[in-house]
Amino acid sequence: MSSMDNTIRKEWSFDFDYSVSLGETYTKFMEKLREKRLIGNKCGDRTFFPPLPFCSRTFELPSEWLESDGEGTIEAFTINYQKANSVAYTASRVLPEVPYIIGVIKIDNSEQCLLHFLSGPELKNPEEWPEKIQAGMRVRPVWSEERSGTILDIKYFEPVK
Amino acid sequence: MARGVAVIGVGNTTYTSAKRENRERSELGRACVKSALDFIGRGLTLSDLDAIYFASVDAFEGIQRPERSIDCFGQSFGTPVYSVNTGGTAGGSAFKDAFHAVAAGLYDIVLVYGSSTTGATVEAQQILNSASPPLIEKPCGAGAIHMAAYYLTRYQSEHEITAEDFALVAAKNHKHAVNNPYAHMRKGYTTEEILTSPVVCSPIHLYELCPVSSGSACLVIASEDRARELCDTPVWIKAFGSITNSFLVGYRDFSGLPMLKMLAERIYKMAGIKNPLEEIDYAEVFNPFAGFEYLEYEALGFCGQGEAPRLTREGVTDQGGKLPVNLSGSTLCTNSGISASLTRHSETCLQLMGKIEGGRQVKNARVGLAHSWGGNMCQFHTLAILSR
């Protein structure tokens, strides 16, 4: 420990801006989201929703595009009780009011999962969530009214009755 | 044939919260390295170091290439400096790379420095969240704690693990941190206090979550000849390896830690370990979220799937048990970013050297295990088997 209790503090910040191309695979995926369509692809004998630019096992490029109605299964989830502040999470303005649920969703026939919000009329009451939300639960996407070609064109996933 | 390599010195600073830190980064660096040189004694000086392996993550420190910024890392003696960055794993990774360099005969005496990474941050989560996959995962609010929570809710649903089970292992860490002079959170929270602390993201309570700490750690390693000459209690590196997982979290299987299991199998084979619970005397595992200690017990083969809470309940992994784990309070109680992945190794070395303070010394510990992970949530693991 420094022998001085009250050393002076100096603050600074970096304002870095970034812009990247989404490339072919994610561009097509995002464009279709705008049309309320969820596409994936096939690499070797495995299928992926969302699509992958290539298979990391076979190192092959995808052989075909696939489409899904977006129904799937909850693999894991968390109920977020603490609001993210705007410093910690610059996109915090797009987050729902707390508490909210983020799920890990395995779209049917996909080898990988999608992370997204869980919500809907069935899940109005947060008191019921710890009982209601279980791994293995069936869900489907609910689309945003306004879509701009991002993953948030899906508003959330809701339970399938 | 590679040479024998041993840890001959451990350096530490005290730890505090990032917000209360009153030491400048080079003051911390100097104090930490000096404590390692004093630990070794025998006239060893900065000029005797053949290379420096520096572990950090640039964005956390607020300066590009932070290894350049402290004038005891090679600047005065023309010593080569290597920067290793595997996110939170980097302390383990830098140690592993330094070990390989000495084993290969490149250098005789090397310093590994685990930087006080999060000490400069105003809001550490701001940087942590920038590690999430930006195109399809980060927009849905997935930060480090959410990714951690997925593994733990999955573990709960597969094995009927309760909130009490998680609190129990958190309490074990808090209890021992009280007696660790190098721990940051030394509050000794009990199971009851942990269970009544707020849930941040289910199932993780506030006291099952690491603090943002400031402080640094270092190790000095040496080739077999130099180690015997400079140290009465060298700790030999028997096996050391690392493994890599996907960047997209959605690509992972949240059922346990299969990559760590695969790594453990490789490392145990290298070290000739057949029954880890019987053959390992002390372990430090990486647990910024307390429940991960259970996933790690199972991946490391200390017990079967879903059996880890029983080991804790029966005291098997507590002081006096068959395989004490994390008697430092581990990452749960002290997480200054990258140095927290090196303190898993430094604590294990101190246990094997018989130099642990605070009544936490394990008697006759001969074989130790040290583990770290990071990247974005278990993207990388490192695992070391150390022995006296």
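None of these values were measured; they are calculated from a predicted model.

**Considerations on the sheet that holds strand E3 (residues 64–68) of chain A**
Residues and elements named next belong to chain A.
- If you walk across this open sheet you meet the 3 strands as E2-E1-E3, and the pairing is antiparallel. Looking along the sheet, the strands with just one partner apiece sit at the ends: strand E2 (46–48) and E3. Geometrically, the sheet is characterised by an average inter-axis angle of 35° between neighbouring strands, direction not taken into account.
- Pairing between strand E1 (residues 38–43) and E2: 3 bridges, direction antiparallel. By the bridge assignment for E2, Cys-43 is matched with Arg-46.

**Digging into helix H3 (residues 90–103) of chain B**
Residue and element names in this part refer to chain B.
- A rise of 1.5 Å per residue sets the reference length of H3, with its 14 residues, at 20 Å; its end C-alpha atoms lie 19 Å apart and thus fit the reference within 8%.
- Of all 14 residues in H3, 11 are buried; the element is thus mostly enclosed.
- Buried residues of H3: Ala-90, Gly-91, Gly-92, Ser-93, Ala-94, Phe-95, Lys-96, Asp-97, Ala-98, Phe-99 and Val-102, and no others.
- At the exit of H3 stands Gly-105, carrying a positive phi of roughly 90°.

**Digging into the interface of chain B and chain A**
- Facing 34 residues of chain B, the contacting portion of chain A comprises 36 residues.
- Among the secondary structure elements, those contributing two or more residues to the side of chain B that touches chain A are helix H4 (124–129), helix H5 (144–159) and strand E6 (199–201) of chain B.
- For the side of chain B that touches chain A, the element with the highest residue contribution is H5(B), accounting for 6 residues.
- Among the residues forming the side of chain B that touches chain A, the class breakdown is 16 nonpolar, 13 polar and 5 charged.

**Quick word on the environment of Lys155(A)**
Residue and element names in this part refer to chain A.
- Mapping Lys-155 onto the fold places it in strand E8 (residues 154–159).
- Sequence separation between Lys-155 and Arg-140 is 15 residues; the distance between their C-alpha atoms is 11 Å.
- The contacts of Lys-155, once residues within four sequence positions are left out, are Val-142, Trp-143 and Ser-144.

The rules behind the values
- Residues numbered from 1 in each chain as written.
- Chains lettered and ligands numbered in written order.
- Predicted model: local features only at pLDDT ≥ 70, side-chain atom pairs only at ≥ 80, totals over all residues.
- Pairing = 2+ DSSP bridges.
- Helix = DSSP H or I, 4+ residues; strand = E, 2+ residues; numbered from the N terminus.
- Axes fitted to C-alpha atoms, helices over the stretch in contact; angles between N-to-C directions.
- Expected span 1.5 Å × (residues − 1).
- Buried ≥ 20, exposed ≤ 12 C-beta atoms within 10 Å, placed from the backbone.
- Contact = placed C-beta atoms within 7 Å.
- Nonpolar A, V, L, I, M, F, W, Y, C, P; charged D, E, K, R; others polar.

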